[in-house]
Amino acid sequence: MSLFANALESIQIGVEDLLKNDNRRVLSAVRNVHAGVLLLCKEKLRRLSPDDEILLAQRFEPQPNDQGEVSIEAVGRNTVGVDDIKKRFKAFGVSLDWKRLDAMTDIRNHMEHSYYKGSRERARQAVADALLVIRQLLVEALQEDPLSALGSECWTALLENADLFEAELQTCRATLDKIDWETEAATRATADFVCPSCHSALIRQRDPANTSQHKVALFCSACGEDAELGPVLSLAFDETFGAEGHIAPKDGGEPPITTCPECSEETYVVEEGRCAACDFALPDDAACAVCGNGLNAEEYYEHDGLCSYHAHIASKDD
Ligand SMILES: [Zn+2]
Ligand SMILES: [Zn+2]
Ligand SMILES: [Zn+2]
């Protein structure tokens, strides 16, 4: 069977698994669809290769050939892995929504390593992510028509699954949109909320009418677990401010989010001078009692109103 046919078949089998009302098959649904997506990526690399499928090899090296010239030969039998697929797509100018693919891989890994009641919901999300990646691969990268490639039964099921998941997601998000967050940062991050137990995006408020951050009680529609605000915000901030967090320290600046000295979550919003998850806030006039320099949250909380330097001096005097 050709690589392309293999890829399509893997996706079709995965979708059949998902459609069966059998919880034992949801993991295999995600595995098969995920494998199919990676095979579609490999098909693109195969088509980009001159005539020897060289781009499918994990390693290749220059070798002298019969004509006394240099040719590039595959080394070993291993085929290209995800990291190299990403690099090769980039080098050849093939764009793909890697964030979606990574999200899907993340769900697959989570499902492999634990059993959740809500795994059908997790499978739904993974396959909804897959739809967008599959469409991009078939239409843009491979110039194939998804409907005729996958067959109408499979393609329709993929579309319907994505609609169902999206509807459930919007219902969950609507309960979060009601909340009057104490920080701008939390308002910005709600789109990145995921369940700390199973990483599903189907996080919602127990009381959909509640507007107060202090009364927020969250739970996950996918696994049914309750979720504390601190860990949820901490995971979301990582996503929302992740890139900025990596840039800021390099430029000598403070990262936008640091550890809250009060609740110990990664939820202290430096710019707003307060924690997004608990009541801790840094007073505007927080300054060292000796030198008058402004204090950061940790100094204010830990050192009794002294900057790190003067706290250090004071501890030596004792
Ligand atoms: Zn969950
Ligand atoms: Zn806090
Ligand atoms: Zn000082």
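**Q** Even after reading the chapter, I still don't get the coordination of the zinc ion (ligand 3), so can you show me in this structure?
**A** Where a metal carries four tetrahedral donors, each ideal angle is 109.5 degrees; where it carries six octahedral donors, the ideal angles are 90 or 180 degrees. Looking at the zinc ion (ligand 3), the protein donor atoms are C288 (SG), C291 (SG), C307 (SG) and H310 (ND1), and they sit 2.0 to 2.3 Å from it. Coordination at the zinc ion (ligand 3) comes from 4 donor atoms whose angles at the metal span 100 to 116°, giving a geometry best classed as tetrahedral. Within one chain, the residues donating to the zinc ion (ligand 3) are spaced in sequence as C-x2-C-x15-C-x2-H. Here C288 is found in the loop between β8 (274-275) and α11 (297-302), whereas its partner C307 is found in the loop between α11 and α12 (308-317), with 19 residues between them in sequence. What makes C288 buried here is its relative accessible area of 4%.

**Q** Sorry, what's going on with the environment of R24 here?
**A** Here R24 lies in the loop between α1 (3-19) and α2 (26-48). The class of R24 is exposed, set by a relative accessible area of 74%.

**Q** Could you clarify how one ought to interpret the packing of helix α4 (residues 98-113) against helix α5 (residues 119-141) in this entry?
**A** Between α4 and α5, whose axes approach to 9 Å, the crossing angle comes to 155°. Taken together, α4 and α5 sit at an angle that is classed as roughly antiparallel. Regarding α4 and α5, the two cross each other, and that crossing is left-handed. Contacts between α4 and α5 involve R100, L101, A103, M104, I107 and M111 from the former and S119, R122, A123, Q125, A126, D129, A130, L132 and V133 from the latter. Along the lines of polarity and charge, the residues of the contact of α4 with α5 split into 10 nonpolar, 2 polar and 3 charged.

**Q** Would you mind going over the coordination of the zinc ion (ligand 1) with me for this structure?
**A** Only C195 (SG), C198 (SG), C220 (SG) and C223 (SG) from the protein coordinate the zinc ion (ligand 1), and they sit 2.3 to 2.4 Å from it. Here the zinc ion (ligand 1) binds 4 donor atoms, and the angle range of 106 to 115° at the metal identifies the geometry as tetrahedral. The sequence pattern describing where the donors of the zinc ion (ligand 1) fall on their chain is C-x2-C-x21-C-x2-C. Of the two residues, C198 sits in the loop between α8 (184-189) and β3 (203-205) while C220 sits in strand β4 (residues 218-220), which places them 22 residues apart along the sequence. On the accessibility criterion, C198 (0% relative accessible area) is buried.

**Q** Would you explain the pattern of salt bridges in this entry?
**A** Pairing between side chains of opposite charge can happen when the charged atoms of each approach one another. In this structure the tally under the stated criterion is 15 salt bridges. A salt bridge links R25 to D17; its shortest N-O distance comes to 2.7 Å. With relative accessibility at 28%, the residue R25 sits in the partly exposed group. The class of D17 is buried, set by a relative accessible area of 4%. The partner of R47 in a salt bridge is E43, and the shortest N-O contact between them spans 2.8 Å. Here R47 pairs with E43, and both are found in helix α2, just 4 residues apart, close to one helical turn. Take E43: its relative accessible area is 2%, and that puts it in the buried class.

Rules of the game
Residues numbered from 1 in each chain as written. Chains lettered and ligands numbered in written order. Predicted model: local features only at pLDDT ≥ 70, side-chain atom pairs only at ≥ 80, totals over all residues. Heavy atoms only, no water. Donors = N, O, S within 2.8 Å, 3.2 Å for Na, K, Ca; no water. Tetrahedral: all angles 85-135°; square planar, octahedral: opposite > 155°, others 65-115°. Helix = DSSP H or I, 4+ residues; strand = E, 2+ residues; numbered from the N terminus. Buried < 20%, exposed > 50% of the residue type's maximum accessible area, 1.4 Å probe, protein only. Axes fitted to C-alpha atoms, helices over the stretch in contact; angles between N-to-C directions. Parallel < 35°, antiparallel > 145°, perpendicular 65-115°, else oblique. Left-handed = near helix turned anticlockwise from the far one by under 90°. Contact = heavy atoms within 4.5 Å. Nonpolar A, V, L, I, M, F, W, Y, C, P; charged D, E, K, R; others polar. Salt bridge = Lys/Arg side-chain N within 4 Å of Asp/Glu carboxyl O.

Honestly, it's all geometry; don't read function into it.
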